[in-house]
Amino acid sequence: MSKEIVLNSPLDMHLHLRDGEMLKLVGPLTSKTFAGALVMPNLVPPVTTKEALLSYKNRIKEACKDDDFEPLMTLFFQEYSREFLEDIKDEIIGIKLYPAGITTNSENGVAAIDAESLRPTLEAMSDFDIPLCIHGETNGFVMDREKEFMPVYEGLAKAFPKLKIIMEHITTKDAVELVEKYDNLFATITLHHLIITLDDVAGGMLQPHLFCKPIAKRYEDRDALLKVALEANPKVMFGSDSAPHPKHKKESCGCAAGVFTSPIALQVLVELFEKHDKLDNLNAFLSLNAQKIYNFKPLTKDITLVKKEFIVPNIYEGFGENVVPMYNNQKLFWSIK
Ligand code: NCD
Ligand code: ZN
């Protein structure tokens, strides 16, 4: 019999599910294999009201209705009143802050991230125990954007010691070092940043399907990420940042940022942890760490993977939409049973 492994309530703590027809196509590609996912709010317009949040949640539930799956909702950061946050706190798992213009649909983000001017909102979030998720990049030189953002994380961590701050999709050795330095800093790590470097994106022929924000960095950065992921360091958790864009927006002049990994994430993570003889740590990286960091209990959902070849589809299509996954047309060693 082929080797099998059971994953308990896998969680994707950073996911773009989009809306409309794209949501109908990609939603089930996560809900089939994950117990829950933290859903990013960078829609057009961004999710900033209770009404928008609850109706988006309903559309996600409708798209994923064949599966046991819990969408963990987030608001798009702006300055919110204490009353508003008190009223919405039980409906959200966190609030996502984007520096203005830094990535897809972030035009309404924060122009200057300054602890003092944002204090009323951040203090209320801290009091209500609402985590702050941050896309941590400046608008400097693309390879240095995350590194340059470190003082901002540090300033916020010091100014709001009880506020949980999630450094989203970290890509550098500097971020790995910083997350360990403050009790209230945590981080998500994507699948692709555990595997690729800038060489894979632009070292040979340009690979649009591996282009994302933050851009993949150096070998030493990837190795630092891999080390904390494989040891399931309690400060880090899995967040795919799977970010679907239709094929024509990726394979075009002016490629949209985002790597689509939802349908292959678990298979590739098992392969990676197996290769490094760390399979025993995978459940912590994929679920237990997130449960502790966000202090919640997910749905009970066991997913079995079997060591059997899986050829990744060239493209996923439906509802008039399409999206090309990472590893399209390639052979993986594990399949979902
Ligand atoms: C994301 C998207 O397309 O929404 N893109 C990406 O490259 N990761 C936004 C984001 O998380 O930066
Ligand atoms: Zn993202």
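Up top is the structure these notes are about.
The shown structure was predicted, so the numbers you read here are calculated from the model rather than taken from an experiment. (Residues numbered from 1 in each chain as written. Chains lettered and ligands numbered in written order. Predicted model: local features only at pLDDT ≥ 70, side-chain atom pairs only at ≥ 80, totals over all residues. Heavy atoms only, no water.)

### Topic: the overall build of the chain
A tally of helices and strands in the chain yields 11 helices and 15 strands. In terms of overall size, the chain behaves like a compact globule, its C-alpha atoms giving a radius of gyration of 19 Å where 337 residues would be expected to give roughly 20 Å. Considered along the principal axes of its C-alpha atoms, the chain spans approximately 55 × 45 × 40 Å. Contacts in the chain between residues far apart in sequence, at least 24 positions, make up 72% of those at least 6 positions apart. Accessible surface, the chain: about 14200 Å² in total, of which carbon and sulfur atoms supply 50%. (Helix = DSSP H or I, 4+ residues; strand = E, 2+ residues; numbered from the N terminus. Rg over C-alpha atoms; globule rule 2.2 N^0.38 Å. Contact = heavy atoms within 4.5 Å. Areas by Shrake-Rupley, 256 points an atom, 1.4 Å probe, with all protein chains shown as cover.)

### As for the sheet that holds strand 1 (residues 4-8)
The three strands lie next to each other as 1-10-15, forming an open sheet whose pairing is antiparallel. A single partner strand is all that each edge strand has here, and the edge strands are strand 1 and strand 15 (335-336). Sheet analysis places strand 10 (residues 302-306) next to strand 15, joined by two bridges and oriented antiparallel. Opposite Leu305, over in strand 15, you have Ile336 as the bridge partner. Against the sheet, helix 10 (residues 265-275) engages strand 1, strand 10 and strand 15, with an angle of about 65 degrees to strand 10. (Pairing = 2+ DSSP bridges. Axes fitted to C-alpha atoms, helices over the stretch in contact; angles between N-to-C directions.)

### Side note on the site of ligand 1
Around ligand 1, 15 residues are found, and the nearest of them are Arg18, Asn42, Thr103, Lys213 and Asp241. Residue Thr104 places a side-chain N or O atom 3.0 Å away from an oxygen atom belonging to ligand 1. A distance of 2.9 Å separates an oxygen atom of ligand 1 from a polar atom in the side chain of His245. Taken by itself ligand 1 offers 310 Å² of open surface, and the protein chains cover 100% of this. The residue makeup of the shell around ligand 1, split by class, is three nonpolar, nine polar and three charged. (Near = heavy atom within 4 Å. Polar contact = N/O pair within 3.5 Å; in protein donor to acceptor, adjacent residues only side chain to side chain. Nonpolar A, V, L, I, M, F, W, Y, C, P; charged D, E, K, R; others polar.)

### What about the packing of aromatic side chains?
For the structure shown, the criterion picks out seven aromatic pairs. Taking the centre distance of 4.8 Å and the plane angle of 15 degrees together, the rings of Tyr80 and Phe84 count as stacked. What makes Tyr80 buried here is its relative accessible area of 8%. A cation over an aromatic ring shows up here: Lys235 above the ring of Phe186, its NZ or CZ 5.2 Å from the ring centre. (Phe/Tyr/Trp six-rings, centres within 6.5 Å; stacked < 30°, edge-to-face > 60°. Buried < 20%, exposed > 50% of the residue type's maximum accessible area, 1.4 Å probe, protein only. Lys NZ or Arg CZ within 6 Å of the ring centre and 35° of its normal.)

### A word on the coordination of the zinc ion (ligand 2)
The coordination sphere of the zinc ion (ligand 2) contains the protein donors His14 (NE2), His16 (NE2) and Asp241 (OD), at a distance range of 2.0 to 2.1 Å. Around the zinc ion (ligand 2) sit four donor atoms; with metal-centred angles ranging over 90 to 141 degrees, the donor geometry is irregular. Along the chain, the residues that donate to the zinc ion (ligand 2) are spaced as H-x1-H-x224-D. With His16 in the loop between strand 2 (11-15) and helix 1 (20-31) and Asp241 in the loop between strand 9 (236-238) and helix 9 (247-250), this pair connects stretches of sequence that are 225 residues apart. Each of the two residues, His16 as well as Asp241, counts as buried. (Donors = N, O, S within 2.8 Å, 3.2 Å for Na, K, Ca; no water. Tetrahedral: all angles 85-135°; square planar, octahedral: opposite > 155°, others 65-115°.)

### Description of the packing of helix 5 (residues 145-159) against helix 6 (residues 173-181)
One way to put it is that helix 5 packs onto helix 6 with a least axis distance of 10 Å and a crossing angle of 10 degrees. Put simply, helix 5 runs roughly parallel to helix 6. Between helix 5 and helix 6, the residues in contact are Glu146, Lys147, Met150, Tyr153 and Glu154 and Asp174, Ala175, Leu178 and Lys181, respectively. (Parallel < 35°, antiparallel > 145°, perpendicular 65-115°, else oblique.)

### Let's talk about helix 11 (residues 282-294)
The first and last C-alpha atoms of helix 11 sit 18 Å apart over 13 residues, in line with the 18 Å expected at 1.5 Å per residue. Along helix 11, the largest kink reaches about 40 degrees and is centred on Leu288. The buried count for helix 11 comes to 11 of 13 residues, which makes it a mostly enclosed element. (Expected span 1.5 Å × (residues − 1). Bend = angle between axes of the 7 residues up to and from the residue.)

### Let's talk about unusual backbone geometry
In this chain, Val44 is followed by Pro45 through a cis amide linkage whose omega measures -5 degrees. Residue position: Pro45 is located in the loop between strand 3 (36-39) and helix 2 (50-63). In this structure, Pro214 follows Lys213 across a cis peptide bond, with omega equal to -10 degrees. Here Pro214 is to be found in the loop between helix 7 (198-203) and helix 8 (219-230). Positive phi, normally seen in glycine, also occurs at Asp129, with a value near 60 degrees. The exposure class assigned to Asp129 is partly exposed, which follows from its relative accessible area of 48%. One non-glycine residue, Asn295, lies in positive phi territory at about 55 degrees.

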